[in-house]
2 protein chains.
Amino acid sequence: MDLLIRDVTLLDGSIRHIGVTGNRISDIGPDLPTGEAIHTIDGTDMLALPGMVNAHTHAAMVLFRGYGDDMPLMQWLEERIWPAEAKLTDDDVYWGTRLACAEMIRTGTTLFNDMYWKVPNAVRAIDDAGLRATVSGGLISGGFLGDLKGEIVQLIEMYEAGEFPDRVRLSIAPHAPYTVTPEDLEWCAQLATDHDLPIQIHLSETLREVEECVEKHGVRPAFHLKRCGILDRPTTLAHGTWLDRDELAMLSAYPATVVHNPVSNLKLSCGQGREVRGWFDYATAKAEGVNVALATDGAASNTNLDMFEEMKFASLMAKHASGDPTCMPAAETVDIATRGGADGMGWTDTGRLEAGALADIVLLDLTEPTLSPMHDPASHAVYAANGGCVHTTICDGRVLMEGGEIEGYEEIRARAIEAARRVTGD
Amino acid sequence: MDLLIRDVTLLDGSIRHIGVTGNRISDIGPDLPTGEAIHTIDGTDMLALPGMVNAHTHAAMVLFRGYGDDMPLMQWLEERIWPAEAKLTDDDVYWGTRLACAEMIRTGTTLFNDMYWKVPNAVRAIDDAGLRATVSGGLISGGFLGDLKGEIVQLIEMYEAGEFPDRVRLSIAPHAPYTVTPEDLEWCAQLATDHDLPIQIHLSETLREVEECVEKHGVRPAFHLKRCGILDRPTTLAHGTWLDRDELAMLSAYPATVVHNPVSNLKLSCGQGREVRGWFDYATAKAEGVNVALATDGAASNTNLDMFEEMKFASLMAKHASGDPTCMPAAETVDIATRGGADGMGWTDTGRLEAGALADIVLLDLTEPTLSPMHDPASHAVYAANGGCVHTTICDGRVLMEGGEIEGYEEIRARAIEAARRVTGD
């Protein structure tokens, strides 16, 4: 046994011992596992959770954290983000992704779904950080960003040649129905089928997209994706703010997961108007049996990658939007933020604390004032905790943080700050 | 000079030195103040803010943190909170308030507006913790909770006899227009006038209250308070979820402050229905010139006392509810959460970082991954930080926390947990 976590509290309030052998949970139960452990963690006054799963983000965009907040979307993109992104080098993406990984380790995320450019640099950063991720080959139609299809094919070649570490997988990421032509969507679906890859895509983030899709293609966006074959692959659909009941009912018959991004949707006012109608309809998604996951989106529109904060926003907004204070109760929220994302991304052997699962585990420090006293562990994880309450982060059986310290962090921070200054001119 | 904070970043991005003499800021500027300091803090990589002001809470209710979440309001009150509260002893309120103070120190709050029972115990706890607060003599009409008017009069006698520490002031707290008769509201207003005390009261938290008030008194709740003389005193009005344009316009002519509690309002679904209409109308309040403050409400309906989290909820919900991503920009949110609350409570010499103001200061640790890199300090305070990013908390010139350690915390936590277990049976 490589690692033993003794006397740790689980979500159901029980106190257990967790044994880790190699990169998997080998034991979890009331009795101490037999055999000596190489490393032992005292789990007294700690709450163990599966590592959080951030099912939609643009990791390297931590470089633009807080760069142009409180601005209208198009002005922000045109005046701030796009000019800065145009200056990003390979190294910048590497150090940006390293900083994002450091933040995720600090705040208890062990698996994420990434959508960004210069992917091989992100892969290297994720590998060096020790986290788990699905990266993506991205496509926007029109050719003005270069030969993106060629880049996707190259990424698949690298991936199939075994040049990715075990902890990193590849997906195909057509950007959104409004930026990718039906022909290109079909191309992506076929490529994903040929190479047995999952898909990630933005869907129905704003009302305008929905209206444009209906006007142009005669159907709402989820049905348009269905028609283009996208839904035949395991797909994560980021946002889904405006999905209606028919779309949610249809999606439940496909291997699709709606990835809710509450903070980003609020920050960019995707709901429009004081008499709010646009909000991800969790109650219906649940009733229809759609798999739901949770995500922070990129740091530029959040402004952090803290999944504990995201859980609180998701659950409270579900109560607010449904008018029902019992909607999305705490244990369900934790499930969405862990198993929901992992299953949606096809990483079905993580996102849960059970024997045989990958050892992706976080420990919350229950001695924090914010977590004392504790009547209900799940409620504490969702409503009381923030990412700063994470004491220990374990991914793939390896302790990446214990007591707040992350190896190499000082250099990562310095390099990322340097890159951010150069590309933004700040 | 008792304390010197060197080379610290301010909200406007400038780097300054802050000198503290006694309990006040004696210097703040680009040049080092003359004279030796007894204690020096290196402010490199730290962001200085005024201490957060939590303008409406029920501090000792941290004992019920997470005790019955995801339940409908009345069931929660009748089955959980009221039976547990009936068992609270004087000591329980003392230790509950101490734990609340520890959490506030940990998360950067230095002044709060408290509304709870067994007030002398809370006063003692606040004094021992070193924080600043306004406590209140509470009134619910009907006499079923004992002689509350007698208790208020007694509190005023204690207060006027100088039995409160300098850091604690008294207010009168009629609970709400729907639990206090017009005659009793008038009694409170008169008492507050006679003794020159401010008032705190709940107002328009739910739609039902508004409808009942109109039915019973012929006017909406804010106009009812005006008629009963409450608004002639400096008053903090907690919630204001359903205040309409006429009420907000009227309030702007009185020394009244609306205290927004976004997390609590979401958690208890005070907005009702998927097509949400009930949300504090910040844009109108601002346009009409109403002073606005921010608060967590009690931990039982939050589940923490973290004002940094509360700032993010307030600002993002203002954008969502107004449909305008530029509504309640970050610097304005910080102002509401500090000066807005302090002014509203009549503590007009705190809630700001300037020479002559009380030395209530918090320092955020900018080396946290979540706060790196930094393009805009105000944006970071509101959108990126959580209470766990607070490195140092200073109240009344005294360093209450430096690097996360709070004096006596272990005993406070143990005693509070013991009290919580006894009264809840958990």
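The shown structure was predicted, so the numbers you read here are calculated from the model rather than taken from an experiment.

Caption draft 1: Representation of the overall build of chain A in the model. When its secondary structure is counted, chain A shows 14 helices and 17 strands. In summary, chain A has a C-alpha radius of gyration of 21 Å against a globular reference of 22 Å for 426 residues, a match within 12%. For chain A, the spread of C-alpha atoms along the three principal axes comes to 60 × 45 × 45 Å. Classification of the 426 residues of chain A by burial places 64% in the buried group. Summarising the internal contacts of chain A: among those between residues at least 6 apart in sequence, 71% fall at separations of at least 24.

Caption draft 2: The arrangement of the nonpolar core in detail. Grouped together as the largest cluster of nonpolar side chains are 232 residues, with contacts concentrated most on Phe 64 of chain A together with Phe 64 of chain B. The contacts of Phe 64 of chain A, once residues within four sequence positions are left out, are Ile 81, Ala 84, Glu 85, Leu 88, Tyr 116, Ala 300, Val 423 and Thr 424 of chain A together with His 375 of chain B.

Caption draft 3: Looking closely at the interface of chain A and chain B. In this assembly, 75 residues from chain A lie in contact with 75 residues from chain B. For the pair chain A and chain B, the two sides together bury roughly 6000 Å², of which 54% comes from carbon and sulfur. In this assembly, chain A and chain B are joined by eight salt bridges. The partner of Arg 413 of chain A in a salt bridge is Asp 45 of chain B, and the shortest N-O contact between them spans 3.2 Å. Linking chain A with chain B are 40 residue pairs in polar contact (both at pLDDT 80 or more). Counting only elements with at least two residues in the side of chain A that touches chain B, the list comes to α2 (90-106), α9 (262-267), α11 (307-322), α13 (377-384) and α14 (409-424) of chain A. Top contributing element to the side of chain A that touches chain B by residue count: α11 of chain A, with nine residues. Class assignment for the residues of the side of chain A that touches chain B results in 31 nonpolar, 24 polar and 20 charged.

Caption draft 4: Summary view of unusual backbone geometry. Here Asn 302 of chain A and Thr 303 of chain A are connected by a cis peptide whose omega angle stands at 25 degrees. Residue position: Thr 303 of chain A is located in the loop between β13 (291-294) and α11. For the bond running from Ser 372 of chain A to Pro 373 of chain A, omega is -15 degrees, close enough to zero to count as cis. With respect to the element layout, Pro 373 of chain A can be found in the loop between β14 (361-365) and α13. One non-glycine residue, Asp 297 of chain A, lies in positive phi territory at about 65 degrees. Counting through the fold element by element, Asp 297 of chain A comes out in the loop between β13 and α11. The class for Asp 297 of chain A is buried, based on a relative accessible area of 5%. Although it is not a glycine, Asp 396 of chain B adopts a positive phi angle of roughly 60 degrees. Structurally, Asp 396 of chain B can be placed in the loop between β15 (390-395) and β16 (398-402).

Caption draft 5: Just the pattern of salt bridges, in detail. Counted according to the given criterion, the structure contains 46 salt bridges over all chains. Among the salt bridges present, the one from Asp 360 of chain B reaches Arg 132 of chain B, with a minimum N-O distance of 2.8 Å. Of this pair, Asp 360 of chain B sits in the loop between α12 (330-344) and β14 (361-365) while Arg 132 of chain B sits in strand β8 (residues 132-139), and the two are 228 residues apart along the sequence. Arg 132 of chain B carries the same exposure label as Asp 360 of chain B, and that label is buried. One connected set of salt bridges, linked through shared partners, spans Asp 335, Arg 339, Asp 343 and Arg 352 of chain A.

Caption draft 6: Inspection of the domain arrangement of chain A at higher detail. Residues and elements named next belong to chain A. Domain assignment breaks chain A into domain 1 (3-50 + 356-409) and domain 2 (52-344). Distance between the C-alpha centres of domain 1 and domain 2: 28 Å. Taken together, the contacts link 28 residues of domain 1 with 28 residues of domain 2. When the buried area of domain 1 at its contact with domain 2 is split by residue, Val 382, Tyr 383 and Gly 387 rank highest and sum to 27% of it. Where domain 1 touches domain 2, the interface holds two salt bridges. Residue Arg 132 is joined to Asp 396 by a salt bridge in which the shortest nitrogen-to-oxygen separation is 2.8 Å. At the junction of domain 1 and domain 2, the tally comes to nine residue pairs in polar contact (both at pLDDT 80 or more). Counting only elements with at least two residues in the side of domain 1 that touches domain 2, the list comes to β5 (46-50), β14, α13, β15 (390-395) and β16 (398-402). Ranked by the residues each element gives to the side of domain 1 that touches domain 2, the list is headed by α13, at five residues. Classifying every residue of the side of domain 1 that touches domain 2 gives 18 nonpolar, six polar and four charged.

Caption draft 7: Representation of the relation of the copies chain A and chain B. Overlaying chain A on chain B yields an RMSD of 0.0 Å, the required transformation being a rotation through 180 degrees with an accompanying axial translation of 0.0 Å. Interpreted geometrically, this transformation is the action of a two-fold axis.

Caption draft 8: Examining the packing of aromatic side chains more closely. For the coordinates displayed, the defined rule picks out nine aromatic pairs over all chains. Plain terms: the ring middles of Tyr 159 of chain A and Phe 164 of chain A are 5.0 Å apart, the flat faces sit at 70 degrees to each other, and that makes the pair edge-to-face. Taking the relative accessible area as the measure of exposure, Phe 164 of chain A reaches 9% and is therefore buried. Ring geometry for Phe 313 of chain A versus Phe 313 of chain B: centroids 3.6 Å apart, planes at 10 degrees, classification stacked. Of the two residues, Phe 313 of chain A sits in helix α11 while Phe 313 of chain B sits in helix α11 (residues 307-322), which places them in two different chains. Residue Phe 313 of chain A shares its accessibility class with Phe 313 of chain B, and that shared class is buried. Arg 80 of chain A extends its terminal NZ or CZ atom over the ring of Tyr 67 of chain A, reaching a point 5.0 Å from the ring centre.

Caption draft 9: Focus on the side chain of Thr 57 of chain B. Relative to the helices and strands, Thr 57 of chain B resides in strand β6 (residues 52-57). Leave out the neighbours within four places in its chain, and Thr 57 of chain B touches Phe 112, Asn 113, Asp 114, Met 115, Thr 296, Asp 297, Gly 298 and Leu 305 of chain B.

Caption draft 10: The arrangement of the confidence of the model for chain A in detail. Of all residues in chain A, 99% attain a pLDDT of 70 or more, and the chain-wide mean is 95. Taken together, the chains of this predicted complex give a pTM of 0.97 and an interface ipTM of 0.96.

Caption draft 11: Highlighting the packing of α11 of chain A against α13 of chain A. Residue and element names in this part refer to chain A. One can describe the packing of α11 onto α13 by two numbers: an axis separation of 7 Å at closest approach and a directional angle of 95 degrees. In terms of their interaxial angle, α11 and α13 are classed as roughly perpendicular. On α13, the residues that touch Phe 308, Met 311, Lys 312, Ser 315, Leu 316 and Lys 319 of α11 are Ala 381, Val 382 and Tyr 383. Residue composition of the contact of α11 with α13, grouped by class: six nonpolar, one polar and two charged.

Caption draft 12: Representation of the pairing of β8 of chain B within the structure. All names here are of chain B. Counted residue by residue, β8 has eight buried out of eight residues, so it is predominantly covered. Burial along β8 is two-sided: Arg 132, Thr 134, Ser 136 and Gly 138 facing one way and Ala 133, Val 135, Gly 137 and Leu 139 facing the other are all buried. Across three bridges, strand β7 (residues 109-114) lies against β8 in parallel orientation. For Phe 112, the partnering residue across the bridge sits in β8 and is Ala 133. Examined bridge by bridge, β8 and strand β9 (residues 168-174) share seven bridges and lie parallel to one another. Its bridge partner being in β9, Val 135 is matched across the sheet by Leu 170. With respect to chirality, the unit in which β8 leads through helix α4 (residues 148-160) into the neighbouring parallel β9 is right-handed.

Caption draft 13: Here's a closer look at a nonpolar patch on the surface. Residues Leu 73, Met 74 and Trp 82 of chain A make up a contiguous nonpolar surface patch of roughly 290 Å² in combined accessible area. Turning to its location among the elements, Trp 82 of chain A is positioned in helix α1 (residues 73-86).

Cut-off values and rules
Residues numbered from 1 in each chain as written. Chains lettered and ligands numbered in written order. Predicted model: local features only at pLDDT ≥ 70, side-chain atom pairs only at ≥ 80, totals over all residues. Heavy atoms only, no water. Helix = DSSP H or I, 4+ residues; strand = E, 2+ residues; numbered from the N terminus. Rg over C-alpha atoms; globule rule 2.2 N^0.38 Å. Buried < 20%, exposed > 50% of the residue type's maximum accessible area, 1.4 Å probe, protein only. Contact = heavy atoms within 4.5 Å. Core = buried A, V, L, I, M, F, W, Y, C linked by side-chain atoms within 4.5 Å. Buried area = accessible area lost by both parts, 1.4 Å probe. Salt bridge = Lys/Arg side-chain N within 4 Å of Asp/Glu carboxyl O. Polar contact = N/O pair within 3.5 Å; in protein donor to acceptor, adjacent residues only side chain to side chain. Nonpolar A, V, L, I, M, F, W, Y, C, P; charged D, E, K, R; others polar. Domains from an automatic or database assignment. Least-squares fit on C-alpha atoms with pLDDT ≥ 70 in both. Phe/Tyr/Trp six-rings, centres within 6.5 Å; stacked < 30°, edge-to-face > 60°. Lys NZ or Arg CZ within 6 Å of the ring centre and 35° of its normal. pLDDT = per-residue confidence, 0-100. Axes fitted to C-alpha atoms, helices over the stretch in contact; angles between N-to-C directions. Parallel < 35°, antiparallel > 145°, perpendicular 65-115°, else oblique. Pairing = 2+ DSSP bridges. Right-handed = clockwise from strand over helix to strand, strands pointing away. Patch = residues over 30% accessible without salt bridge, like charges linked within 9 Å, V, L, I, M, F, W, Y side chains within 5 Å. Areas by Shrake-Rupley, 256 points an atom, 1.4 Å probe, with all protein chains shown as cover.

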